[in-house]
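Structural features, examined
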Protein chains: 2
Amino acid sequence: MALKKVSKKKVAQPRKTAGTSSSIKVALLGFGTVGSAVARVLSARKFSGIELTHIFNRNAERKRTSPAARSVPDSVLWTESIEEILRSDVDIVIELMGGLNPVEGWLRKALTSGKSVVTANKQLIAYRGAKLARIAAQHNVQLVYGAAVAGGVPVIPGMLQGLCGDQITRLSGIVNGTCNFILSRMESGAAYATVLADAQHAGYAEADPSADVDGYDARAKLCILSRIALHAELDPDTVPTQSISTVEAIDFAYAKELSCTIRQVSQAELDGRTVHARVGPMLVPLSSPIAWSHGTQNMVVATGRFGGDTVFSGHGAGGDPTAVAVVSDLLAVAQRCATVQLPVRKRKVTSDFLAPHYLRFVVDDKPGIVSAISGALAKVGANIDSILQRPGHPKHRLPFVVTTEPCLTSTIEQALRSIARMDCILEPPLCLQMLTVDDKADDVEAVKEE
Amino acid sequence: MALKKVSKKKVAQPRKTAGTSSSIKVALLGFGTVGSAVARVLSARKFSGIELTHIFNRNAERKRTSPAARSVPDSVLWTESIEEILRSDVDIVIELMGGLNPVEGWLRKALTSGKSVVTANKQLIAYRGAKLARIAAQHNVQLVYGAAVAGGVPVIPGMLQGLCGDQITRLSGIVNGTCNFILSRMESGAAYATVLADAQHAGYAEADPSADVDGYDARAKLCILSRIALHAELDPDTVPTQSISTVEAIDFAYAKELSCTIRQVSQAELDGRTVHARVGPMLVPLSSPIAWSHGTQNMVVATGRFGGDTVFSGHGAGGDPTAVAVVSDLLAVAQRCATVQLPVRKRKVTSDFLAPHYLRFVVDDKPGIVSAISGALAKVGANIDSILQRPGHPKHRLPFVVTTEPCLTSTIEQALRSIARMDCILEPPLCLQMLTVDDKADDVEAVKEE
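The structure presented is a predicted model; accordingly, all values stated were derived computationally and were not measured. Every chain begins its residue count from 1, and numbering advances along the sequence as written. Written order decides the labels, with chains lettered from A and ligands numbered from 1. Per-residue local features are limited, in this predicted model, to residues with pLDDT of at least 70; the limit for side-chain atom pairs, both in listing and counting, is 80 or more; totals at the level of whole chains, interfaces and linings are taken over all residues. Hydrogens and waters are ignored; side-chain quantities use all the structure's heavy atoms.

1. Digging into the overall build of chain A
Selection rule: Each helix corresponds to a stretch of at least 4 residues labelled H or I by DSSP, and each strand to a stretch of at least 2 residues labelled E; elements are numbered beginning at the N terminus. Our radius of gyration looks at C-alpha atoms and nothing else; its globule reference is 2.2 Å times the residue count to the power 0.38. Relative accessible area decides the class of each residue, using a 1.4 Å probe on protein chains only: under 20% of the type maximum gives buried, over 50% gives exposed, and in between gives partly exposed. Contacts were defined at the residue level, with two residues in contact if any of their heavy atoms lie within 4.5 Å. Here the open area of atoms and residues is found with the Shrake-Rupley method and a 1.4 Å probe, where only the protein chains shown may cover a residue. His residues and chain termini do not enter the charge count, which takes Lys and Arg as positive and Asp and Glu as negative. By convention, charge coordinates are those of NZ in Lys, CZ in Arg, CG in Asp, or CD in Glu.
Looking only at helices and strands, chain A features 16 helices and 20 strands. Relative to the 2.2 N^0.38 estimate, which gives 22 Å for 450 residues, the radius of gyration of chain A is 25 Å and therefore close to what a compact globule would have. When burial is assessed residue by residue, chain A has 61% of its 450 residues classed as buried. Within chain A, contacts between residues at least 6 apart in sequence are counted, and of these 75% link residues at least 24 apart. When the accessible surface of chain A is split by element, carbon and sulfur atoms take 50% of a total near 17000 Å². Averaging the locations of the 49 positively and 44 negatively charged side chains of chain A gives two centres separated by 8 Å.

Right under this line is the structure:
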């Protein structure tokens with residue numbers, strides 16, 4: 001006997017089970033850059049059966065009369081009262097406010113009152129996604145968040161729908177455009193502080209840039225991706241982060257000698273019941289897709305047991321690209337398109353990666369330093385792969401670099417603690433993981449099958 | 001009143017409406033490289049509620065006892081009779097035979113008898129996809145074909161689900177791994193005939209390589225992508241193709257001088273009620289994502305009105321990657337996951353692209369040739385952008401290159417017809433379109449929103 005599938009024709013039309021009109025009613029929480037872009041896309045695309053009916057924002061009247069509101073239909077009710085939205089007959093709530101509080105409470109109420117939720121809120125989904133998904137399931141509504149990671153790049157739907165047949169074992173991604181912008185600029189020779197100041201002055205990095213440069217934004221996204229692709233639920237607070245703020249121009253020069261560049265990489269790798277996870281600046285081989293990413297582009301590489309490396313790349317942020325992800329989610333909910341669901345399990349995080357490491361020391365040069373440092377590394381069993389010392393630096397403040405063969409992060413950190421105590425060491429050593437490329441899918445067989 | 005959505009918990013379990021067991025029963029048509037990989041992935045992943053029950057193949061007994069069948073459960077019924085499959089209580093038929101006949105008739109029967117179909121058959125879907133989708137809808141079953149384009153790269157689900165909110169206006173892709181392999185090798189200096197012979201000797205290009213090198217394989221895939229992304233139904237036979245077989249090593253040398261490489265590109269661009277479409281070797285700027293693709297990798301770039309360029313890349317072919325796409329589709333059908341449906345319209349194809357063109361002439365050099373050729377181009381209104389002549393070639397057989405500013409393909413072809421008649425022209429001129437990069441999404445705004 002065959003599967004009874006709802007007819008495509010019926011699926012193609014958004015449906016209402018009850019209500020005064022035949023349209024799906026939509027409320028927008030937040031009318032900032034993304035919110036106004038969502039209104040603009042909806043107005044331009046004119047999807048039949050979807051009606052924007054409410055917009056919630058502080059200073060609703062000021063927003064309503066702003067140029068950004070030009071594409072909002074006159075029929076829309078602008079409100080500063082969340083209760084008005086929650087009490088309404090809206091079918092789908094689009095949340096673009098961000099943060100945990102008070103949004104979490106609002107969305108719980110929306111879900112329990114039978115409204116589906118589309119959100120781009122990465123912190124909320126990273127910390128409370130599993131709980132909110134359970135509430136949604138209990139109330140026969142949907143919670144979707146394709147816009148929470150990589151903006152307009154369809155990483156979440158692509159992995160949920162297109163890679164669910166594989167067993168994804170590793171994720172590597174560039175999911176924070178601000179860091180990628182800063183590091184791309186530094187690659188061309190600029191200093192960190194200068195680029196950051198420029199970015200802040202132009203208004204596209206926050207006055208307090210910590211969420212971006214220290215990795216907390218990327219960490220939330222990595223945890224969401226781990227749930228989707230590795231079927232692993234991680235506690236975001238247990239994923240170690242490393243700031244990009246200690247990377248200097250000299251590190252890009254050394255990276256280039258190693259045929260690498262430096263990017264803020266978010267990485268998670270399944271290893272039995274644990275997940276190796278980390279966010280921070282890493283050396284990336286120029287031959288890796290991760291190194292292709294410039295400016296504010298986002299990129300995620302999923303490595304599957306069967307399918308090898310799959311790359312998703314594009315505009316990870318910005319009003320219009322993020323609105324594409326939001327509106328795509330909205331259409332999916334309106335047309336009742338579920339994605340494949342596979343069991344997700346809570347997993348412990350380990351910060352240890354077996355990888356080559358890049359160590360940059362700044363020393364007051366005197367005889368015996370290389371011997372002392374290499375001795376400390378030998379003591380923990382870390383093999384040196386290369387020693388690099390570029391000319392042109394003063395002997396009393398000499399940056400030089402050691403790269404190691406693959407060894408555990410914890411092993412390297414142990415050696416660095418003893419090295420940091422040496423008199424000749426002028427500042428805390430910089431330790432960056434070096435990303436390795438090992439896509440195993442076989443090219444010869446790949447051609448055969450074409 | 002809220003949308004009534006089937007509970008997630010229920011959606012998560014494949015369901016049967018009737019039958020002797022609670023599992024979804026699956027038949028495999030074709031047990032070649034991809035078919036055996038599908039069996040291997042199913043065996044390794046052990047998805048609950050999905051049971052492989054039938055395998056159809058000629059010489060079923062030989063297949064059954066082959067090493068490739070090791071991962072096939074003993075309970076599977078091997079058969080050489082398609083009728084046995086069609087009469088059975090199988091819920092989902094996975095078709096991996098390829099070609100239009102007799103497969104089209106079999107799948108029609110499967111759909112009309114209430115079986116959903118998962119297929120990787122690009123020719124069938126390009127030529128008969130719309131018709132088969134209507135039959136599927138009439139019988140409340142699903143027809144999915146995520147594996148028909150770019151193998152394991154989730155281009156189809158990613159665009160269907162993640163970019164449906166955008167308005168995709170342009171597709172550029174590398175969707176034939178064999179051509180990409182040949183052109184990548186030629187980039188390193190090898191001659192076309194040598195690389196093709198090597199590939200044939202190694203068994204990964206066909207004895208008759210026409211479907212790949214002449215672009216018919218890529219054309220079918222481009223038509224499928226046009227339906228998915230541009231919502232435009234094209235007649236594959238109206239999409240012009242150009243063979244890669246006339247590209248020579250010298251063209252890569254000239255391309256390099258122009259900061260380009262050469263790839264077989266499949267391109268479709270929406271222009272009101274027509275679609276500019278073409279498959280053939282093109283000059284690709286090294287700065288374009290299309291140029292990143294090496295070896296047998298596939299890559300598709302979708303350009304959206306709102307989201308800018310989105311890139312999908314990975315292993316476009318091969319048993320295991322293609323099996324990932326097939327099994328992902330299988331899970332989607334088993335869990336009744338529909339994708340967003342938007343209206344698709346029949347569109348006329350035009351082969352005209354407004355683009356810069358690369359023209360390579362082989363001439364018996366004498367005074368006045370450049371003047372004659374540039375005169376012929378001027379006559380049709382095509383402006384010359386550059387003239388390149390590399391040293392080291394005999395004057396009596398001199399290759400030289402002219403690039404034009406953007407002009408219509410038809411204009412260039414008109415000029416080439418008159419140039420080809422000149423006495424000094426020793427072989428038909430090679431005319432390649434030059435791909436331009438114009439991703440309009442704004443980086444500054446992108447960072448702001450991060």
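That was the structure; now back to the text.
2. So, the sheet that holds strand β3 (residues 77–79) of chain B
Residues and elements named next belong to chain B. Worth spelling out the cut-off: A pair of strands counts as paired when DSSP detects no fewer than two bridges linking them. Interaxial angles span 0 to 180 degrees and are taken between N-to-C directions of axes, which are lines fitted to C-alpha atoms, for helices over the stretch in contact.
Within the open sheet, the six strands sit side by side as β3-β2-β1-β4-β5-β6. Their pairing is parallel. In the strand order of this sheet, the two ends are held by β3 and β6 (143–144), each with one partner. Note: strand β1 (residues 24–29) against strand β4 (residues 92–95), four bridges, orientation parallel. Looking at the pairing, L28 lines up with I94 of β4. Here helix α5 (residues 103–112) sits on the sheet in contact with β1, β2 (50–56), β4 and β5 (116–119), set at roughly 165° to β4.

3. Brief notes about the UniProt feature "binding site: NADP(+)" (unreviewed entry) in chain A
Rule in force here: UniProt positions are given in the numbering used here, feature names are shortened, and annotations may be inferred rather than shown by experiment.
UniProt records the feature "binding site: NADP(+)" (unreviewed entry) at L29, G30, F31, G32, T33, V34, G35 and S36 of chain A, using the numbering of this structure. Note on placement: V34 of chain A falls in helix α2 (residues 33–45).

4. Here's the deal with the packing of aromatic side chains
All names here are of chain B. Stated formally: A pair of aromatic rings is counted whenever rings of Phe, Tyr or Trp (Trp by its six-membered ring) have centres within 6.5 Å, and the orientation is called stacked for planes under 30 degrees apart, edge-to-face for over 60 and tilted otherwise.
A full pass over the atoms with the stated rule returns eight aromatic pairs over all chains. An angle of 75° between the planes, with centres 5.0 Å apart, marks the rings of F31 and W78 as edge-to-face. Separated by 47 residues along the polypeptide, F31 in the loop between β1 and α2 (33–45) and W78 in strand β3 bring together distant segments of the chain. Ring geometry for F361 versus F400: centroids 5.7 Å apart, planes at 40°, classification tilted. Residue F361 is found in strand β16 (residues 357–363), and its partner F400 is found in strand β18 (residues 398–404); the two are separated by 39 residues along the sequence. Just as F361 is buried, F400 falls in that class too.

5. Overview of the environment of G165 of chain A
Here G165 of chain A shows up in the loop between α7 (155–162) and β7 (168–174). Between the C-alpha atom of G165 of chain A and that of S75 of chain A, which follows or precedes it by 90 residues, the distance is 44 Å. Not counting residues up to four positions away in its chain, the partners in contact with G165 of chain A are V41, R45, F47, V324, V327, S328 and L331 of chain B.

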